[in-house]
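Coordinate analysis (summary)
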Amino acid sequence: MHWAQLRVYGHLMCEKLDLPQIRLALVYFEIGSQQETRFEETRPREELASLFASQCQGFARWAAQELAHRDARDTALQTLAFPHGDFRPGQRQLAEAVFRAHRSRRCLLAQAPTGIGKTLGTLFPALKAAPEQRLDKILFLAAKTPGRQLALDAAATLKGRDGQGLPLRVLELCARDKACQYPDRLCRGDSCPLAQGFYDRLPAARAACLEAPLLDRQRLQEIALAHQVCPYYLGSEMTRWSDLIVGDYKQNSFHQ
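Below, the structure is looked at part by part. Bear in mind the structure is a predicted one, so any value in this text is a computation, not a measurement. (Residues numbered from 1 in each chain as written. Predicted model: local features only at pLDDT ≥ 70, side-chain atom pairs only at ≥ 80, totals over all residues. Heavy atoms only, no water.)

1. So, the layout of surface pockets
Leftover empty space is mapped by rolling, across the atoms, a probe with the size of a water molecule. We apply this condition: Space inside and on the surface of the protein is sampled on a 1 Å grid over the protein atoms alone, with a cavity defined as a set of points where a 1.4 Å probe fits but cannot get out and a pocket as an open set with protein on both sides within 12 Å along at least 5 of 7 lines; lining residues have an atom within 4 Å of a point. Grid points are joined across faces, edges and corners, and a volume is the space filled by probe spheres set on the points. Starting at the N terminus, helices and strands are each numbered in turn, a helix being any DSSP run of H or I of at least four residues and a strand any DSSP run of E of at least two. Each residue gets one of three labels, nonpolar for Ala, Val, Leu, Ile, Met, Phe, Trp, Tyr, Cys and Pro, charged for Asp, Glu, Lys and Arg, and polar for the others, Gly among them.
Empty space within the largest pocket amounts to approximately 1000 Å³. Forming the boundary of the largest pocket are 35 residues, of which Lys-118, Thr-119, Thr-122, Leu-123 and Phe-140 lie nearest the centre. If you list the elements that add at least two residues to the lining of the largest pocket, you get helix H3 (91–103), helix H4 (118–133), strand S3 (138–142) and helix H5 (145–159). No other element matches H4, which puts six residues into the lining of the largest pocket. Counted by class, the lining of the largest pocket contains 19 nonpolar, 11 polar and five charged residues. Volume-wise, the second largest pocket comes out at about 620 Å³. Around the second largest pocket sit 16 residues that line it, and Gln-55, Gly-58, Phe-59, Pro-203 and Arg-206 are the ones nearest its centre. Here the element with the most residues in the lining of the second largest pocket is helix H2 (residues 45–78); it accounts for seven residues. Residues that form the lining of the second largest pocket fall into these classes: 10 nonpolar, three polar and three charged.

2. Considerations on the packing of H3 against H4
A pair of packed helices is characterised by two quantities: the angle between their axes and the separation of those axes. So the rule is basically this: All axes are obtained by fitting lines to C-alpha atoms, using only the stretch in contact for helices, and the reported angles, taken between N-to-C directions, cover 0 to 180 degrees. When an angle is under 35 degrees it counts as roughly parallel; over 145 it counts as roughly antiparallel; between 65 and 115 it counts as roughly perpendicular; any other value is oblique. Rotating anticlockwise by less than a right angle from the far helix to the near helix defines a left-handed crossing, while the corresponding clockwise rotation defines a right-handed one. Here, residues are in contact when the closest pair of their heavy atoms is within 4.5 Å.
Contact geometry of H3 with H4 gives a least axis separation of 8 Å together with a crossing angle of 30°. In terms of their interaxial angle, H3 and H4 are classed as roughly parallel. For the element pair H3 and H4, the recorded crossing hand is right-handed. Taking contact as the criterion, the partners of Gln-91, Leu-94, Ala-95, Val-98, Phe-99, His-102 and Arg-103 in H3 are, on H4, Lys-118, Leu-120, Gly-121, Thr-122, Pro-125, Ala-126, Lys-128, Ala-129, Glu-132 and Gln-133. Within the contact of H3 with H4, the residues separate by chemical class into eight nonpolar, five polar and four charged.

3. Some details on the pairing of S3
Note the following rule: Buried, partly exposed and exposed residues are distinguished by accessible area as a fraction of the type maximum, computed with a 1.4 Å probe on protein chains only: under 20%, between the cut-offs, and over 50%, respectively. Any two strands between which DSSP finds at least two bridges are classified as paired.
Across the two faces of S3 the burial differs, with Ile-138, Phe-140 and Ala-142 buried and Leu-139 and Leu-141 not buried at all. In terms of strand pairing, S3 meets strand S5 (residues 244–248) through five bridges, oriented parallel. Following the sheet pairing, Leu-139 is matched in S5 by Ile-245.

4. Brief notes about helix H8 (residues 217–226)
In plain terms, the rule: Here, the arc refers to the directions that run from the helix axis to the C-beta atoms.
Among the residues making up H8, those that are buried are Leu-220, Ile-223 and Ala-224. Mapping the buried residues of H8 onto a view down its axis gives an arc of 100°, with all of them on the same face. Pointing more than 90 degrees away from the buried face of H8 are the exposed residues Gln-218 and Ala-226. Buried residues in H8 make contact with strand S4 (170–172), helix H7 (198–210) and helix H9 (231–238). Positive backbone phi, approximately 55°, marks Gln-228, located one or two places after H8.

5. Observations regarding empty space enclosed by the protein
Within the structure shown, the criterion is met by three cavities of 30 Å³ or more. Counted as a void, the largest cavity has a volume near 100 Å³. If you trace the largest cavity, you find it lined by Glu-172, Leu-173, Cys-174, Lys-178, Ala-179, Arg-217, Leu-220, Gln-221, Pro-231, Tyr-232 and Gly-235. Elements with a minimum of two residues in the lining of the largest cavity: helix H6 (176–179), H8 and H9. In the lining of the largest cavity, the residues fall into six nonpolar, two polar and three charged. Reported here for the second largest cavity is a volume of approximately 70 Å³. Secondary-structure elements contributing two or more residues to the lining of the second largest cavity are S4 and H7. Tallied by class, residues from the lining of the second largest cavity come to 11 nonpolar, one polar and one charged.

6. Concerning the nonpolar core
How we decide: In this text, buried Ala, Val, Leu, Ile, Met, Phe, Trp, Tyr and Cys residues form a nonpolar core when linked through side-chain atoms within 4.5 Å.
Core analysis: the biggest nonpolar cluster contains 25 residues, and Leu-123, Leu-127, Leu-158, Leu-166, Val-170 and Leu-244 have the highest contact counts within it. Within the residue set of this core, elements represented by two or more residues are H2, H4, S3, H5 and S5. Top element by residues in this core is H4. It accounts for six residues. Those residues in contact with Leu-166, other than ones at most four positions away along the chain, are Ala-76, Leu-77, Leu-80, Leu-158 and Lys-159. Ranked by size, the runner-up nonpolar core spans 24 residues in total, among them Leu-194, Ala-212, Tyr-232 and Ile-245.

As structure tokens, then:
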């Protein structure tokens with residue numbers, strides 16, 4: 001990743017200064033020891049231009065894919081119907097209050113008894129309000145694991161039986177200590193095998209995540225281990241590309 005960034009800078013300098021080639025230096029500085037580690041290479045202008053074009057093409061494909069997903073998601077949410085035949089007693093009033101709060105961009109504190117269907121009664125109107133209010137993401141935070149599962153179950157109900165009815169990307173986040181596969185090692189390439197080469201294997205893992213109907217903790221872990229990347233940091237990466245993020249407010253599990 002650092003070489004890619006440096007080579008983009010090299011391409012821009014070649015174009016600006018009309019250089020036939022350029023010598024690039026990638027320097028790491030260790031604060032504790034005050035030591036520098038230096039890597040150098042010389043690249044011709046034509047090669048850097050080709051690398052830059054390849055980067056831009058990859059970004060353009062990804063951007064087009066993401067714009068298409070957002071359009072499809074917002075169109076589907078506008079026509080999304082309540083998944084059950086009717087609301088439970090009190091559930092409609094809760095849903096209407098949540099919807100109005102989103103439309104007016106204000107906070108809402110609601111109290112409701114057990115069994116009223118609070119999870120679906122809040123998630124459904126929040127999603128319905130998202131296209132009009134141009135909400136890119138919705139965070140559903142719970143105090144405990146069962147609360148997260150209720151939100152995931154509600155999302156699965158909204159998405160349909162096969163998970164393909166609603167183009168909604170759902171991600172479950174958990175605390176790092178619960179996701180870590182090597183708790184006795186440091187989060188760096190010379191200690192953890194899932195950290196070494198993380199960014200080299202990230203694109204394939206990220207693409208696999210986008211194909212998952214619902215990215216809960218188990219599915220995220222399966223994809224991460226299949227591509228030999230850290231499940232926790234893969235989840236952090238997928239917060240960028242998910243529509244509904246389910247996590248804990250008691251755990252330091254969500255960083256944006």
